[in-house]
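Single-letter residue listing:
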Amino acid sequence: MKSFQAILEEIMDISRIPMLLYDTAAFLCAATAKEDSTLTDSIQAFLASEANSQSLGQFHYFKVICSDTVSYVLLVQQFSPDAFTIGRLTVCQLQHLLESQEESVTKSGFIRSLVVGGLTPVELERQAKKLKLRPASWTIFIIECEDSFRGSYALQLLEHAFAGEKLDFCCELDEFRLLLAKDTTKLLKTQSLALFAQTLVDLLRAEALIQTHVGYSTMVSDFRDLPRAYCEAATALRIRHTFFAERDTAAYDKLGIGRLISELPVDLCEAFLVEVFGTNIPDNLDEETRNTIQKFFENNLNVSETARQLYLHRNTLVYRLERMEKILGLDIRKFEDAMTFKLAMMVLARCNNANECTPAAQPAPF
């Protein structure tokens with residue numbers, strides 16, 4: 001951590017004594033001396049011992065303890081007769097820093113730091129203990145706003161309506177995204193994750209008057225898996241933007257062909273579009289054409305039912321479809337051509353979004 005590094009550097013400036021700070025997995029966290037990979041075994045042996053300090057080889061070893069838990073191991077080079085005393089003082093500084101951090105730990109801060117990878121395993125264990133948390137069965141829901149959550153009471157509504165259990169977490173990720181880590185142990189006895197996600201959307205739209213979409217993960221049962229669940233929920237939202245913009249919610253384990261196409265190389269996608277359409281790639285179909293094709297697909301290529309729902313004469317719809325065939329080179333009244341066109345539109349959406357750093361809503365593919 002940067003703050004640990006600053007402490008070691010300040011003491012190094014005063015004492016000129018080199019130091020190394022390791023976590024309980026023997027991973028180097030801060031240093032004012034060159035790392036020595038041969039120290040791993042001795043660090044693990046020291047952690048397994050009952051001693052809080054000892055001298056071995058060219059180093060003094062110290063355990064940094066916070067909330068009755070060994071959090072780090074400090075190695076102080078036996079550079080001078082004062083090295084042991086300097087080591088003890090440094091341990092006190094590190095412990096004070098850890099204690100001050102613990103005093104400011106909140107559930108929202110904990111979950112935000114955890115999902116974005118801002119906690120080491122040692123910090124995770126210590127903060128979870130501080131908050132008296134235990135493992136549960138969580139699903140991560142990321143709620144995204146089209147404009148901004150600022151100025152609304154969406155977070156407060158989310159906390160009161162959906163994060164009532166002790167093991168539920170809720171926080172603001174940024175101006176456009178909220179996160180809910182929901183313990184779904186009881187929830188799944190009464191409703192599905194899909195229904196719960198839709199309830200999130202409906203309530204925020206009705207009560208907070210903001211347009212939202214939700215992406216959600218698979219279930220995980222360990223704190224260490226929450227960052228993975230967060231990535232799943234974010235992926236579900238990204239793929240919803242690209243391929244299923246007409247949907248309010250997206251589940252990571254139900255992304256279907258959208259997940260497959262999102263992983264294809266862009267050059268392969270572009271080659272496919274040229275193969276299907278040649279040089280006349282339909283990047284900007286007019287709204288009437290888009291609505292007609294979408295409704296035609298929703299009705300399983302049934303001309304009569306589509307005409308009825310569009311309030312058109314059947315012959316008028318047939319004329320439109322024949323005109324589209326001349327433009328696209330595909331007769332979407334045929335299953336094979338319809339499937340090719342649908343895939344091509346998803347591939348086109350993939351190409352259009354390939355170079356965007358942040359997701360942006362695209363016209364819904366058919």
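Now for a look at the structure at hand.

Scoring rules and cut-offs
- Residues numbered from 1 in each chain as written.
- Predicted model: local features only at pLDDT ≥ 70, side-chain atom pairs only at ≥ 80, totals over all residues.
- Heavy atoms only, no water.
- Buried < 20%, exposed > 50% of the residue type's maximum accessible area, 1.4 Å probe, protein only.
- Helix = DSSP H or I, 4+ residues; strand = E, 2+ residues; numbered from the N terminus.
- Pairing = 2+ DSSP bridges.
- Axes fitted to C-alpha atoms, helices over the stretch in contact; angles between N-to-C directions.
- Contact = heavy atoms within 4.5 Å.
- Salt bridge = Lys/Arg side-chain N within 4 Å of Asp/Glu carboxyl O.
- Core = buried A, V, L, I, M, F, W, Y, C linked by side-chain atoms within 4.5 Å.
- Phe/Tyr/Trp six-rings, centres within 6.5 Å; stacked < 30°, edge-to-face > 60°.
- Lys NZ or Arg CZ within 6 Å of the ring centre and 35° of its normal.

Here we take up the pairing of strand β4 (residues 59–66). Counting buried positions along β4 yields seven of eight residues, so the element is predominantly enclosed. The sheet contact formed by strand β3 (residues 53–56) and β4 spans four bridges and is antiparallel. Each residue of the ladder has a partner; that of S55, found in β4, is H60. Hairpin connection, β3 to β4: the antiparallel pair is bridged by two residues, and G57 has positive phi, about 65°. Looking at chain direction, β4 and strand β5 (residues 69–77) are connected through eight bridges and run antiparallel. Across the sheet, residue C66 finds its bridge partner in β5, namely T69. Hairpin connection between β4 and β5: a loop of two residues separates the two successive antiparallel strands, and S67 in this loop has a positive phi of roughly 55°.

Turning next to the environment of P265. Topologically, P265 is positioned in the loop between α9 (257–262) and α10 (266–277). Each C-alpha atom, one on P265 and one on R350, is 9.5 Å from the other, the two residues being 85 residues apart in sequence.

Another aspect to go through is the sheet that holds β5. Taken in spatial order, the five strands of this open sheet run β2-β1-β5-β4-β3, and their pairing is antiparallel. Each of the sheet's edge strands pairs with one partner strand only, and the pair in question is β2 (28–31) and β3. Within the sheet, the average angular offset between the axes of one strand and its neighbour, ignoring direction, is 20°. Of the strands in this sheet, β1 (19–23), β3, β4 and β5 are in contact with helix α2 (residues 40–48), which crosses β4 at around 50°. Across the face of the sheet, helix α5 (residues 121–130) comes into contact with β1, β4 and β5 while running at roughly 140° to β5.

Moving on: the sheet that holds strand β8 (residues 177–183). With respect to topology, five strands assemble into an open sheet ordered β7-β8-β6-β9-β10, the strand pairing being mixed. Looking at which strands have only one partner, the edges of the open sheet turn out to be β7 (169–174) and β10 (249–251). Recorded for the sheet is a direction-independent mean angle of 20° between the axes of neighbouring strands. Direction of pairing for strand β6 (residues 138–145) relative to strand β9 (residues 212–216): antiparallel, over a ladder of five bridges. Bridging from a neighbouring strand, C145 pairs with T212 of β9. Against the sheet, helix α4 (residues 107–115) makes contact with β6, β7 and β8, and its axis sits at roughly 60° relative to β7, the strand it touches most.

The next subject is the pattern of salt bridges. For the coordinates displayed, the defined rule picks out 13 salt bridges. Ionic pairing is found between E165 and K186, a salt bridge with its closest N-O pair at 3.7 Å. Of the two residues, E165 is situated in the loop between α6 (154–162) and β7 and K186 in the loop between β8 and α7 (193–207); the sequence distance between them amounts to 21 residues. On the accessibility criterion, E165 (36% relative accessible area) is partly exposed.

All right, on to the nonpolar core then. In terms of nonpolar packing, the biggest core is built from 33 residues, with F277, I332 and F341 touching the most fellow members. Top element by residues in this core is helix α14 (residues 335–353). It accounts for nine residues. With near-sequence residues (within four places) excluded, I332 lies in contact with I293, F296, F297, L301, L321, M324, D337, A338 and F341.

Next up on the list: the side chain of T69. Here T69 shows up in strand β5. Given a relative accessible area of 14%, T69 falls into the buried group. Each residue touching T69, except ones within four places of it in the same chain, is listed here: V64, E125 and K129.

Once that is clear, we can look at α5. Buried residues of α5: V122, E123, L124, R126, Q127 and A128, and no others. Of the residues trailing α5, K132 is marked for its positive phi of about 60°.

Another aspect to go through is the packing of aromatic side chains. Across all of its chains, the model carries 13 aromatic pairs by this definition. An aromatic cluster of three or more residues is present, and its members are F110, W138, F169 and F223. Just above the ring of F244 sits the side chain of R247; from NZ or CZ to the centre is 3.9 Å.

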